[in-house]
Amino acid sequence: MPIIVVLGAGVSGLTSALQLAKQGNHQITVIAKHMPGDYDIEYTSPWAGANVLPMSLNKDSRYERRTWPVLRRLVTEAPEAGIHIQTARVLRREKDIAAGQVKAALSDGLFDQNPWYKEVMDNFRELSPSELPPGMHSGCEFMSVCINTAIYLPWLLGQCAKLGVHFKRAVLSHISEATSMSHTGKNADIIINASGLLACKLGGVMDKKVYPARGQIVLVRNEASGAMPTTSGTDDGDDEILYVMQRALGGGTILGGTYAKNNWDGNPDPNIAVRIMKRAVEAHPELTEGKGIEGFSIIRHGVGLRPCREGGVRIEKEKIGDTTWVVHNYGHAGWGYQGSYGCAERVVELVDEIVNEKGSKAKL
Ligand code: FAD
């Protein structure tokens, strides 16, 4: 049985571990500094909204395409996972359109006027002019989900544990240290590197293409009704964005946000928080029943750092030392949840390739 150590217990590491464990032929240990239940600026996954707003610029990208059917299925098959259906509404502002293209801080792919995802997302439709708020050029609507990350991450961990995956806390300074961390006491054959943003600081990886996009949020008890809106821009600056997501199972409502590249500041900025709440009330006055931002009941202010990477996500295998392989799965920027199963599927394929190659060499 191949021995696998997964470095990272965010959505990327846990989903990779789960999909590998489902194969039933590996011994898997997940090693991480941060685990579900923790809130830390070095741990992005708990801070996400999280919903599905397809962002890929590449219409053939499989990661988001392959993830959507799984998340949609979990809504009904595993209600305890903390995912529910919500309609998403994507609004393109007049001001953000130049030469027929929409320029957006969050993702140009999401705001494309003829998006590839219209064939993928259920109930996709373009909005009629009468449905558009003032200042909007156009918009679309489709079935999406909102994931309560405080429920979903522990659920993923529980699914892994049920299939025999072991968990250990550790802080690694070099990727090769994972080799000796399997619960079996034997050396790992394969390491899955799902270290997120910290891939830029991890010895043996030190990926200089990785950088943060800071996202500030406000989590409130107030409930939004109707579709989850997001706009291509706001009047509050190029890295300020608007989105509202009501989480499943009493998880509150996430008000966002910001997308500030190369900003590592982990402290919520009170001025930004006020602007986030103002924008949310403008889009959803019913949130505070007409009482403005004073009507919010705040659960928490938060900041998460999206793990961006120049050139996009890194999912590939690499040999380190004579016998150990690493399969990298990091750099998911703002789409780590909505691409999680597609990326994990690729991780499983790469692991299979390594195992088959090792197996045929052993026979020679
Ligand atoms: P992380 O969650 O950061 O996990 C990394 C793991 O590696 C941790 O367990 C950490 O402890 C461990 N680790 C790293 N280095 C070491 C080391 N040296 N030693 C030991 N352990 C180590 N995505 C969506 O799909 N939809 C959304 O709506 C959405 N909204 C977002 C909103 C905000 C405000 C933010 C910040 C992000 C959002 N995202 C969203 C993006 C998503 O959250 C990320 O893409 C995803 O969480 C990245 O997960 P990860 O597992 O790769 O990294």
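Residues numbered from 1 in each chain as written. Predicted model: local features only at pLDDT ≥ 70, side-chain atom pairs only at ≥ 80, totals over all residues. Heavy atoms only, no water.

Participant: What exactly am I supposed to notice about the overall build of the chain here?
Facilitator: Helix and strand content of the chain: five helices and 17 strands. In summary, the chain has a C-alpha radius of gyration of 21 Å against a globular reference of 21 Å for 364 residues, a match within 12%. The dimensions of the chain, computed from C-alpha atoms along their principal axes, are 70 × 40 × 40 Å. When burial is assessed residue by residue, the chain has 56% of its 364 residues classed as buried. Contacts in the chain between residues at least 24 apart in sequence constitute 74% of all its contacts with a sequence separation of at least 6. Accessible surface for the chain amounts to roughly 15,300 Å². Of this, 50% is attributable to carbon and sulfur atoms. When the 40 basic and 40 acidic side-chain charges of the chain are each reduced to a single mean position, those positions are 5 Å apart. (Helix = DSSP H or I, 4+ residues; strand = E, 2+ residues; numbered from the N terminus. Rg over C-alpha atoms; globule rule 2.2 N^0.38 Å. Buried < 20%, exposed > 50% of the residue type's maximum accessible area, 1.4 Å probe, protein only. Contact = heavy atoms within 4.5 Å. Areas by Shrake-Rupley, 256 points an atom, 1.4 Å probe, with all protein chains shown as cover. Lys, Arg positive; Asp, Glu negative; His and termini not counted. Charge placed at Lys NZ, Arg CZ, Asp CG, Glu CD.)

Participant: Mind showing me how you'd approach the confidence of the model for the chain here?
Facilitator: For any part of a model where pLDDT is low, the fine detail of the predicted coordinates should not be relied upon. For the chain, mean pLDDT is 95; residues scoring 70 or higher make up 99% of the total. Of the two predicted TM-score estimates for the complex, the pTM is 0.97 and the ipTM is 0.99. (pLDDT = per-residue confidence, 0-100.)

Participant: Is there a simple way to explain the site of the ligand in this structure?
Facilitator: The immediate surroundings of the ligand are formed by 41 residues, with Ser12, His34, Ser45, Leu172 and Ala333 found nearest. Asn51 is positioned with one of its backbone polar atoms (N or O) 2.8 Å from an oxygen atom of the ligand. Take Tyr337: an N or O atom from its main chain is 2.9 Å from an oxygen atom of the ligand. Mapped by element, the contributors of at least two residues to the shell around the ligand are α1 (11-23), β10 (210-220), β12 (240-246) and β15 (298-309). Top contributing element to the shell around the ligand by residue count: β15, with four residues. Among the residues making up the shell around the ligand, the classes are represented as 22 nonpolar, 16 polar and three charged. (Near = heavy atom within 4 Å. Polar contact = N/O pair within 3.5 Å; in protein donor to acceptor, adjacent residues only side chain to side chain. Nonpolar A, V, L, I, M, F, W, Y, C, P; charged D, E, K, R; others polar.)

Participant: When you look at the UniProt feature "signal peptide" (unreviewed entry) in the chain in this model, what are you seeing that I'm missing?
Facilitator: According to UniProt, the positions carrying the feature "signal peptide" (unreviewed entry) are residues 1-17. Across residues 1-17, the secondary structure splits into 41% helix and 29% strand, with the terminal C-alpha atoms separated by 15 Å. (UniProt positions renumbered as here; feature names shortened; annotations may be inferred.)

Participant: Explain helix α4 (residues 270-283) to me, please; I cannot follow it from the model alone.
Facilitator: Given 3.6 residues per helical turn, the α-helix brings residues three or four places apart onto the same face. Over its 14 residues, α4 extends 20 Å from the first C-alpha to the last, a length consistent with the 20 Å expected when each residue adds 1.5 Å. All of the buried residues in α4 are Ile272, Ala273, Ile276, Met277, Arg279, Ala280 and Val281. Next to the buried residues of α4 lie β10, β12, β13 (253-258) and β15. The residue sitting at the N-terminus of α4 and contributing the capping side-chain oxygen is Asp269; that oxygen lies 2.8 Å from the backbone nitrogen of Asn271. (Expected span 1.5 Å × (residues − 1).)

Participant: I'm lost on the pattern of salt bridges in this one. Help?
Facilitator: A complete count under the given rule lists 25 salt bridges for this structure. In this structure, Arg314 engages Glu318 in a salt bridge whose closest nitrogen and oxygen atoms are separated by 3.4 Å. With relative accessibility at 28%, the residue Glu318 sits in the partly exposed group. Arg346 is the partner of Glu349 in a salt bridge, and the nearest nitrogen-oxygen pair spans 2.6 Å. In this pair, Glu349 and Arg346 are both assigned in helix α5 (residues 340-363), three residues apart and thus about one turn of the helix distant. A network of salt bridges, in which partner residues are shared, links Arg62, Arg66, Glu345, Arg346 and Glu349. (Salt bridge = Lys/Arg side-chain N within 4 Å of Asp/Glu carboxyl O.)

Participant: Is there a simple way to explain the pairing of strand β9 (residues 190-193) in this structure?
Facilitator: The side chains of a regular strand alternate, residue by residue, between the two faces of the sheet. Side chains Ile190 and Ile192 of β9 all project onto a buried face; the interleaved residues Ile191 and Asn193 project onto the opposite face, where all are buried too. The sheet contact formed by strand β1 (residues 3-7) and β9 spans four bridges and is parallel. Bridge pairing in β9 links Ile4 to Ile190. (Pairing = 2+ DSSP bridges.)

Participant: Mind showing me how you'd approach the nonpolar core here?
Facilitator: Within the largest apolar cluster, 77 residues are counted, with the highest numbers of intra-cluster contacts made by Leu71, Leu74, Ile83, Tyr152, Ile192 and Tyr341. Ranked by residue count, the leading element in this core is α5, at seven residues. Membership of the second largest hydrophobic core comes to 22 residues, among which are Ile31, Ala188, Ala199 and Cys200. (Core = buried A, V, L, I, M, F, W, Y, C linked by side-chain atoms within 4.5 Å.)

Participant: Sorry, what's going on with unusual backbone geometry here?
Facilitator: The bulk of non-glycine residues show a negative phi, and the bulk of peptide bonds are trans. Following Gly49, the chain continues into Ala50 via a peptide bond in cis, with omega recorded as -10 degrees. Along the chain, the position of Ala50 falls in the loop between β2 (27-32) and α2 (62-77). Gly257 follows Gly256 through a cis peptide bond whose omega is 0 degrees. Mapped onto the elements of the fold, Gly257 is located in strand β13. A positive phi is found at Ala333, a non-glycine position, where the angle reads about 45 degrees. Inspection of the secondary structure puts Ala333 in the loop between β17 (324-330) and α5.

Participant: Where do I start with the packing of α1 against helix α3 (residues 149-162) in this structure?
Facilitator: How two helices pack is summed up by the angle between their axes together with the distance between the axes. Between α1 and α3, the shortest axis-to-axis distance is 9 Å and the interhelical angle comes to 30 degrees. Between α1 and α3, the interaxial angle falls into the category roughly parallel. Where α1 crosses over α3, the handedness of that crossing is left-handed. Each of Val11, Leu14, Thr15, Ala17 and Leu18 in α1 lies in contact with α3, whose residues at this interface are Tyr152, Leu153, Leu156, Leu157, Gln159 and Cys160. In the contact of α1 with α3, the residues fall into nine nonpolar, two polar and no charged. (Axes fitted to C-alpha atoms, helices over the stretch in contact; angles between N-to-C directions. Parallel < 35°, antiparallel > 145°, perpendicular 65-115°, else oblique. Left-handed = near helix turned anticlockwise from the far one by under 90°.)

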